[in-house]
Amino acid sequence: MSTDMVHKVTRERSCLSVVELNEVSHVFATVVPRFGATLRDQARDALEGIAAAMRAEGAEGAVIHQAVFVADSESIAACRQIVRAFYGSDMPATSYVPQPPCAGKLVAIEAMGLGRGRDKVAIERISDQVVVTRHNGVAWVYVDQAVPRTSAVGIYEK
């Protein structure tokens, strides 16, 4: 029998929900930076907030998917470099969304990680666009920012 449970937590730096499903906790966190005037400073503060939320829920080093909201599309390349440097080999599948975050900030992050019970889950990090997790004979594929490599015009042709 499964012991599924959901709880929500609001901390100083983040809001998060934790779903206990099949003996593995799935942690969903949202962070808006508190400090910084530059994209680099705000992104670093938001990433550290995500890391603190994940660490508190036993998901340190196990972020598998995230959406990074940036104030404008011109910020995506710089933000991507900051995010890659922060995560290193633990890079989650990441989407960059050109949508101004709340409170006039330059960046905000929503992330999902695996907490307690993650030792039962195999995590394969293929790139910053693809992460695969496997548990109990089921695979989940997290894919972000995938762009078709074709000159086809219509969506169905792509």
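Presented here is an overview of the structure given in this document. In this text the structure is predicted, and so the values were computed from the model without any measurement.

**A look at the pairing of strand β4 (residues 63-70)**
The side chains of a regular strand alternate between the sheet's two faces. β4 sits mainly inside the fold: seven of its eight residues count as buried. The pairing of β4 with strand β5 (residues 93-98) spans six bridges and is parallel. For A67, the partnering residue across the bridge sits in β5 and is S95. Between the parallel pair β4 and β5, the chain is carried across by helix α2 (residues 76-87), and the sense of this crossover is right-handed.

**Points about the sheet that holds strand β8 (residues 130-135)**
As summarised here, the arrangement of the three strands in space is β7-β8-β9, forming an open sheet in which the pairing is antiparallel. Strands at the two margins of the open sheet, each flanked by one partner only, are β7 (122-125) and β9 (138-143). The sheet shows a mean angle of 15° between the axes of neighbouring strands, taken without regard to direction. Bridge analysis of β7 against β8 gives four bridges, and the strand direction is antiparallel. Across the sheet, R125 pairs through a bridge with V131, a residue of β8.

**A closer look at the pattern of salt bridges**
Two side chains bearing opposite charge may form a pair once their charged atoms approach each other closely. The final tally for this structure, using the stated rule, is seven salt bridges. One salt bridge connects R44 with E48, and the closest N-O pair in it is separated by 3.2 Å. With R44 and E48 both in helix α1 (residues 39-56) and four residues apart, the pair spans about one turn of that helix. With relative accessibility at 39%, the residue R44 sits in the partly exposed group. R55 is paired through a salt bridge with E60; the nearest N and O atoms lie 3.9 Å apart.

**Re unusual backbone geometry**
For residues that are not glycine, phi is negative in most cases, and the peptide bond is trans in most cases. One non-glycine residue with positive phi stands out, namely N22, at about 50°. Tracing the chain through its elements places N22 in the loop between β2 (15-21) and β3 (24-31). Unusually for a residue other than glycine, N136 sits at a positive phi of about 55°. Structurally, N136 can be placed in the loop between β8 and β9.

**Some thoughts on α1**
Between its terminal C-alpha atoms α1 stretches 26 Å, which fits the 26 Å expected from 18 residues at 1.5 Å a residue. Taken together, the buried positions of α1 are occupied by L39, Q42, A43, D45, A46, L47, G49, I50, A53 and M54. The inward-facing, buried residues of α1 contact β2, β3, β4, α2 and β6 (107-114). Directly beyond the C-terminal end of α1, a positive phi value near 75° is found at G58.

Cut-offs and rules
Here the residue numbering is sequential within each chain, running from 1 through the sequence in written order. Only residues with pLDDT of 70 or above have their local features reported here, since the model is predicted, and side-chain atom pairs are shown and tallied only from 80 upward, although totals for entire chains, interfaces and linings are computed over all residues. For the side-chain quantities, the full set of heavy atoms in the structure was used; hydrogens and water were omitted. Whether a residue is buried, partly exposed or exposed follows from its accessible area with a 1.4 Å probe, protein chains only, as a fraction of its type maximum: under 20%, in between, or over 50%, in that order. Numbering of helices and strands runs from the N terminus, with a helix taken as a DSSP run of H or I at least four residues long and a strand as a DSSP run of E at least two residues long. Following DSSP output, two strands are said to pair if at least two bridges run between them. Orienting the strands away from the viewer, one traces the path from the first strand over the helix to the second; a clockwise path indicates a right-handed crossover. Comment: axis = line fitted to C-alpha atoms, over the contacting stretch for helices; angle = value between 0 and 180 degrees taken between N-to-C directions. The term salt bridge refers to a side-chain nitrogen of Lys or Arg lying within 4 Å of a carboxyl oxygen of Asp or Glu. One less than the number of residues in a helix, times 1.5 Å, gives the span that helix is expected to have. Note on contacts: a residue pair qualifies if any of its non-hydrogen atoms lie within 4.5 Å across the two residues.

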